[in-house]
Structures are given as structure tokens and as C-alpha cells.
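Next come the chains, spelled out residue by residue.
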Amino acid sequence: RVKEMSEDDIGAMLDQMSSMTPEQEARMKAMGMDPSMMSKAASMMASNPMMKAAAAKMMKNMTPEQMQAASQQAQNQMK
């Protein structure tokens, strides 16, 4: 699904990640992700167009498993 997203779609996704509902946070936790770290990363990308474009380009070439592993690695580095 991410492979078919435009930069505008990715921007909207980042906006949603910056202000998650408790239900969305619970889903992320169930997937093994840290919602506060994901929110912080989304805010950083939303405020930096070059970073957002680079992330979008990278995600389009990744499998879901690779995206999850990269997300987990980034969260660990941000701690």
C-alpha cells in the first residue's frame, strides 16, 4: 500500500501520526512500536520536506517486513 502513495499521501500519514488517538496508539503498541517515538519521527519529517521525500522514496522500495525492521531500528536509535 505504501508503494502506491504519493508524497501528499505520505504527508497526510505523517500528520496523522503526529496526533494519534488512544486507539491508534494501542494498535501501534500491539505491533511492537513506540507511539511517542513514531509521533516524534513523524513531526521531524513533516517539518523537513527533504527528509520526508527521502523517507517516501525509501519506503516505496521496501517490503512490509523491511519497513517494520527499519522502524524498529530508528526507534531504538532515538531512545
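From a predicted model like this one, the values you see are computed outputs, not experimental measurements.

What counts and what doesn't
Residues numbered from 1 in each chain as written. Predicted model: local features only at pLDDT ≥ 70, side-chain atom pairs only at ≥ 80, totals over all residues. Heavy atoms only, no water. Axes fitted to C-alpha atoms, helices over the stretch in contact; angles between N-to-C directions. Helix = DSSP H or I, 4+ residues; strand = E, 2+ residues; numbered from the N terminus. Parallel < 35°, antiparallel > 145°, perpendicular 65-115°, else oblique. Contact = heavy atoms within 4.5 Å. Nonpolar A, V, L, I, M, F, W, Y, C, P; charged D, E, K, R; others polar. Core = buried A, V, L, I, M, F, W, Y, C linked by side-chain atoms within 4.5 Å. Buried < 20%, exposed > 50% of the residue type's maximum accessible area, 1.4 Å probe, protein only.

Asker: Any chance you could break down the packing of helix 3 (residues 35-46) against helix 5 (residues 64-78) for me, citing the residues and the numbers?
Answerer: Remark: helix 3 packs on helix 5, axes separated minimally by 10 Å, with the N-to-C direction vectors making an angle of 95 degrees. As the angle between them shows, helix 3 and helix 5 are arranged roughly perpendicular. Every residue of helix 5 that contacts helix 3 at Met-37, Met-38, Lys-40, Ala-41 and Met-44 is listed here: Ser-71, Gln-75 and Met-78. Across the contact of helix 3 with helix 5, the residue classes break down as five nonpolar, two polar and one charged.

Asker: Kindly report on the nonpolar core, identifying the contributing residues and their values.
Answerer: The biggest cluster of nonpolar side chains holds 14 residues, and the ones touching the most others in it are Ile-10, Leu-14, Met-17, Met-28, Met-38 and Met-45. Taken together, the elements giving at least two residues each to this core come down to helix 1 (7-18), helix 3 and helix 4 (49-60). The element contributing the most residues to this core is helix 3, with four residues. Setting aside its immediate chain neighbours within four residues, Met-17 contacts Met-28, Met-38, Ser-39 and Ala-42.

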